[in-house]
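What follows is each chain in one-letter form.
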Amino acid sequence: MNTFYVTTAIPYVNAAPHLGHALELVQADVLARHARLRGRPVRFLTGTDDNALKNVTAARAAGVDVRDFVDTNAARFAALREPLSLSFDDFIRTGADARHAAGVDRLWRECAAGGDFYRRTYQGLYCPGCEQFWAAAELTGGLCPEHRVAPEPVAEENWFFRLSRYTGRILELLESGRLRIEPAARRNEVLAFVRAGLTDFSVSRPAARAGGWGIPVPGDPDQVVYVWWDALANYVTALGYGSGDPAYRRWWTGPGERAHVIGKGIVRFHAVYWPALLLSAGLPLPTSILVHDHLSADGAKLSKSAGNAVDPLALTTRYGTDAVRWWLLRDPARVGDTDFTVERLIRRADGDLANGLGNLVNRTLALAWKHRGGRVSPPTGRLAGLPRGAGDSPGDQPVLAGALGAVCDRLPGRIDRALHDFDFRAATDALVAVVDEGNRFIETERPWEPAAAGRLDAVLGALVAACRLVATELSPFLPDGAARLRERLLAGDRVARPEPVFPRISGPAGAPGTPAGR
Ligand SMILES: [Zn+2]
């Protein structure tokens, strides 16, 4: 069965979500919605890492109870569902869900049974921001490369995991592509790291240092499970791994796809540590790790401490869900960081959605109402806007001739390939290509001229078919905008009266650009 299980990373909740979290949620949402559109059984999981020590530090700094603090911030992540139009099926909270603690306990015991734990006194350089130890050689000028602060020397007795045992098997997984990492640049970084040889790592912390926060090590209550071990386990604990839930078997042990969408800062945890833990416990592995780069805002790193956090809730309130989702899917580079500005968001929404797609649909509907009273005779089959696979018969042929027909015919396949490659720019390019060709088609055919009267029905039929196809294929990307398009394009031989589906954010076309965000 062609199941698709897709997850985001679970962010720690030391503050409210920023635009980088929205990026990852929207990317995973598109993959989930697209797989559903193609008829695949899908489960989409997100959640929060409640057990991170950073949460404890931030709560203490704010002078509030840790549990209240974590609950409040976790709720802000879950509340992104409506404003971002997310379709996740489940939301796990590692500190509040009993299924999580039960699953961590079981996973730990399985690894222990495999002989992969031992106790050792450890001295190292620890970055509280990363919640990980750094080797001196990995630091940049003595500072954590992520946080630009000097890590603290820490000496303590911990449980260690025999990661070194798994170097050969992890390498084989990555080289064979059985564990696929996109893009290739990130895969190559992981390969170089593994080829250098893996070293055992610490997987517990003294409970005293964690202030009792976290999940106790089974059989050793003086230690709590290292938060990364705990957090990674969420991908199976949420499915009920700890309680023998059939969902675990369906989504994790079957022949389907298991994809983790993550940021580039945590690739090692997902492509090395996590597979090693699963190998140790004798569990199946993820099939794909899909890695996005980072966003900055007005040239500065996105973080609360830097004071420039872009609030996704405020952006959707001001500019709408479609505009925010479209920017997140259209602009960020597949490899390399991308800078967000309100001007760029407006330029994309006005250029691609209002002037491009909105204009194409409006012109088509206006022609249909002016000359045919809202009646059209659309072609049947694939280009009538049916999802591929839902209405095709073997005899279906492309029914639109010329460049518009060709670009429509290629659209579903181009989107499938782009999303398989975790390339949202290529996927949105494919949609924009049909819109551009549709607007060009109108300019070439000039259907409003008397000389075109004889081919008006064919031209209108082709345009409506192309618009309906775009509305369908757009739906994973902009579910709200696509629903409004379908309300105008209807089905069969009727279309609704034109009405702006994507109003310009910066005002009417031709007016001096006054961005609403200024
Ligand atoms: Zn750090």
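Given the structure is predicted, the values throughout are model-derived calculations rather than measurements.

1. Focus: the environment of glutamate 156
Part 1: Tracing the sequence through the fold places glutamate 156 in strand E6 (residues 152–161).
Part 2: Distance from glutamate 156 to glycine 405, taken between C-alpha atoms, is 67 Å for residues 249 residues apart in sequence.
Part 3: Residue contacts for glutamate 156: discarding those within four places in its chain leaves Arg120, Thr121, Tyr122, Phe133, Arg205, Pro206 and Arg209.
Part 4: Engagement of the side chain of glutamate 156 in a polar contact is seen with the side chain of asparagine 158, the distance being 3.2 Å.

2. Thoughts on unusual backbone geometry
Part 1: Note the cis peptide between glutamate 182 and proline 183, where omega equals -10°.
Part 2: With respect to the element layout, proline 183 can be found in the loop between strand E7 (180–182) and helix H6 (184–195).
Part 3: If you check the backbone angles, aspartate 298 has positive phi at about 50° while not being a glycine.
Part 4: With respect to the helices and strands, aspartate 298 occurs in the loop between strand E14 (295–297) and strand E15 (300–301).

3. Details of the packing of helix H12 (residues 321–330) against helix H15 (residues 424–445)
Part 1: With their axes 8 Å apart at the nearest point, H12 and H15 run at an angle of 115° to one another. Each of Trp326, Leu329 and Arg330 in H12 lies in contact with H15, whose residues at this interface are Phe424, Arg425, Thr428, Asp429 and Val432.
Part 2: Across the contact of H12 with H15, the residue classes tally to 4 nonpolar, 1 polar and 3 charged.

4. Some details on the sheet that holds strand E9 (residues 204–206)
Part 1: Taken together, the 3 strands give an open sheet; going across it, the order is E9-E11-E10, and neighbouring strands pair in antiparallel fashion. With partners counted over all chains shown, the strands left at the sheet margins are E9 and strand E10 (216–217), one partner each.
Part 2: Direction of pairing for E10 relative to strand E11 (residues 220–225): antiparallel, over a ladder of 2 bridges. Residue proline 216 lies in a different strand from E11, and its bridge partner there is valine 224.

5. Some remarks on the packing of aromatic side chains
Part 1: Under the definition given, this model contains 22 aromatic pairs.
Part 2: When the centroid spacing of 6.2 Å and the interplanar angle of 55° are considered together, the rings of tryptophan 252 and tryptophan 274 count as tilted. With tryptophan 252 in helix H9 (residues 246–252) and tryptophan 274 in helix H10 (residues 267–281), the pair connects residues that are 22 residues apart, well separated along the chain. As far as the burial class goes, tryptophan 252 and tryptophan 274 line up, both buried.
Part 3: A network of ring pairs unites the aromatic residues Trp108, Phe117, Phe161, Tyr166, Phe201, Trp228, Trp229, Phe269 and Tyr273 as a single cluster.

6. Structural notes on the environment of proline 145
Part 1: Following the sequence through the fold, proline 145 ends up in the loop between strand E5 (132–134) and E6.
Part 2: In the structure, proline 145 is positioned 11 residues away from tryptophan 134 in sequence and 9.6 Å away in space, judged by C-alpha atoms.
Part 3: Ignoring anything within four residues of it in the chain, the contact list for proline 145 reads Trp134, Glu138, Leu139 and Thr140.

7. Description of the pairing of strand E13 (residues 288–292)
Part 1: Judged by how many residues are buried, E13 sits mostly within the fold: 5 of 5 residues are covered.
Part 2: Across the two faces of E13 the burial is the same, with Ser288, Leu290 and His292 and Ile289 and Val291 all buried.
Part 3: Bridge count for E7 against E13 is 3 bridges, and the pairing is parallel. Across the sheet, residue isoleucine 181 finds its bridge partner in E13, namely isoleucine 289.
Part 4: Once the chain exits strand E12 (residues 257–263) it traverses H10 before rejoining the sheet at E13, and the crossover so formed is right-handed.

8. A short note on empty space enclosed by the protein
Part 1: A full pass over the atoms with the stated rule returns 2 cavities of 30 Å³ or more.
Part 2: The space that makes up the largest cavity amounts to roughly 130 Å³.
Part 3: Those elements giving two or more residues to the lining of the largest cavity turn out to be helix H1 (19–37), E13, H12 and H15.
Part 4: Considering only residue class, the lining of the largest cavity consists of 9 nonpolar, 4 polar and 4 charged.
Part 5: By volume, the second largest cavity is sized at about 80 Å³.
Part 6: Taken together, Asn51, Leu53, Tyr126, Glu131, Arg205, Ala210, Trp213, Gly214, Val224, Val225, Tyr226 and Val227 make up the lining of the second largest cavity.

9. Some words on the nonpolar core
Part 1: With 105 residues, the main nonpolar core has Leu19, Leu31, Leu328, Leu345, Leu474, Phe477 and Leu485 as its most contacted residues.
Part 2: Looking at this core, the element that brings in the most residues is helix H16 (residues 456–474), giving 12 residues.
Part 3: Those residues in contact with leucine 19, other than ones at most four positions away along the chain, are Leu295, Leu302, Val310, Pro312, Leu315, Trp327, Leu328 and Phe340.
Part 4: Residues Ala9, Ile10, Tyr235 and Phe269 belong to the second largest nonpolar core, which totals 62 residues.

10. Quick look at the environment of glutamate 82
Part 1: Along the chain, the position of glutamate 82 falls in the loop between helix H3 (66–78) and strand E3 (90–93).
Part 2: Overall, the relative accessible area of 63% leaves glutamate 82 in the exposed class.
Part 3: With 239 residues separating them in the primary sequence, glutamate 82 and threonine 321 have C-alpha atoms 9.1 Å apart.

11. Here we look at the confidence of the model for the chain
Part 1: Mean pLDDT over the chain: 91, with 92% of residues reaching 70 or higher.
Part 2: Within the model, pLDDT remains below 50 along residues 381–399, and this stretch shows 29 contacts once partners closer than five positions in the same chain are excluded.
Part 3: In this model, residues 510–518 is a region of pLDDT below 50 whose contacts with residues beyond four sequence positions or in other chains number 12 contacts.

12. Details of the coordination of the zinc ion
Four donors placed tetrahedrally around a metal ideally meet at 109.5 degrees, and six donors placed octahedrally ideally meet at 90 or 180 degrees.
Part 1: Here the zinc ion is held by the protein donor atoms Cys127 (SG), Cys130 (SG), Cys144 (SG) and His147 (ND1), which lie 2.1 to 2.3 Å from it.
Part 2: Bound by 4 donor atoms, the zinc ion shows angles of 97 to 116° at the metal and therefore tetrahedral coordination geometry.
Part 3: Each donor residue of the zinc ion belongs to the same chain, with the gaps between them written as C-x2-C-x13-C-x2-H. Here cysteine 127 is found in strand E4 (residues 117–127), whereas its partner histidine 147 is found in the loop between E5 and E6, with 20 residues between them in sequence.
Part 4: On the basis of relative accessible area, cysteine 127 is assigned to the buried category, the value being 0%.
Part 5: Classification of histidine 147 as partly exposed rests on a relative accessible area of 32%.

13. Some points on the sheet that holds E7
Part 1: Reading across from one edge, E3-E2-E1-E12-E13-E7 is the order of the 6 strands in this open sheet, with parallel pairing throughout. A single partner strand is all that each edge strand has here, and the edge strands are E3 and E7. The average undirected angle you get between the axes of adjacent strands in this sheet is 20°.
Part 2: Contacts between H3 and the sheet are confined to strand E2 (42–48) and E3, with E3 contributing the most and set at about 160° to the helix.

Procedures and definitions
All residue numbers here refer to positions counted from 1 along the written sequence of the relevant chain. At least 70 in pLDDT is required for a residue's local features to be given in this predicted model, at least 80 for side-chain atom pairs to be given and counted, and no such filter applies to totals for whole chains, interfaces and linings, which use all residues. The basis for every side-chain value is the complete set of non-hydrogen atoms in the structure, without hydrogens or water. Here a strand is any run of E in DSSP of at least two residues, a helix any run of H or I of at least four, and the numbering for each starts at the N terminus. By the convention used here, residues are in contact when the closest approach between their heavy atoms is within 4.5 Å. Polar contacts here mean pairs of N or O atoms no more than 3.5 Å apart (in protein, one a potential hydrogen donor and the other a potential acceptor; neighbouring residues in sequence count only if both atoms are side-chain atoms). Note on geometry: axes are lines fitted to C-alpha atoms, helical ones only across the stretch in contact, with angles between N-to-C directions running from 0 to 180 degrees. Polar here means any residue other than Ala, Val, Leu, Ile, Met, Phe, Trp, Tyr, Cys and Pro, which are nonpolar, and Asp, Glu, Lys and Arg, which are charged; Gly is therefore polar. Strand pairing requires that DSSP identify at least two bridges connecting the strands. Stacked, tilted and edge-to-face are the three classes assigned to paired rings of Phe, Tyr and Trp, where Trp is represented by its six-membered ring and a pair needs centres within 6.5 Å; plane angles under 30 degrees give stacked, over 60 edge-to-face, the rest tilted. For every residue, the accessible area (1.4 Å probe, protein chains only) is compared with the maximum for its type, and the residue is labelled buried under 20%, exposed over 50%, or partly exposed between those bounds. Handedness rule for crossovers: strands pointing away from the viewer, path from the first strand over the helix to the second running clockwise, crossover right-handed. Only protein atoms enter the 1 Å grid used here. Points where a 1.4 Å probe fits but cannot escape make up a cavity, open sets with protein on both sides within 12 Å along at least five of seven lines make up a pocket, and a residue lines them when an atom lies within 4 Å of a point. Grid points are joined across faces, edges and corners, and a volume is the space filled by probe spheres set on the points. We define the nonpolar core as a collection of buried residues of types Ala, Val, Leu, Ile, Met, Phe, Trp, Tyr and Cys that are connected through side-chain atoms lying within 4.5 Å of one another. Values of pLDDT, ranging from 0 to 100, describe the predictor's confidence in every residue of the model. Only N, O and S atoms count as donors, using a 2.8 Å cut-off from the metal and 3.2 Å for Na, K and Ca, and because water is excluded some sites may appear unfinished. Working rule for geometry: tetrahedral if four donors all subtend angles between 85 and 135 degrees; square planar for four, octahedral for six, if opposite donors exceed 155 degrees and the others stay between 65 and 115; irregular in every other situation.

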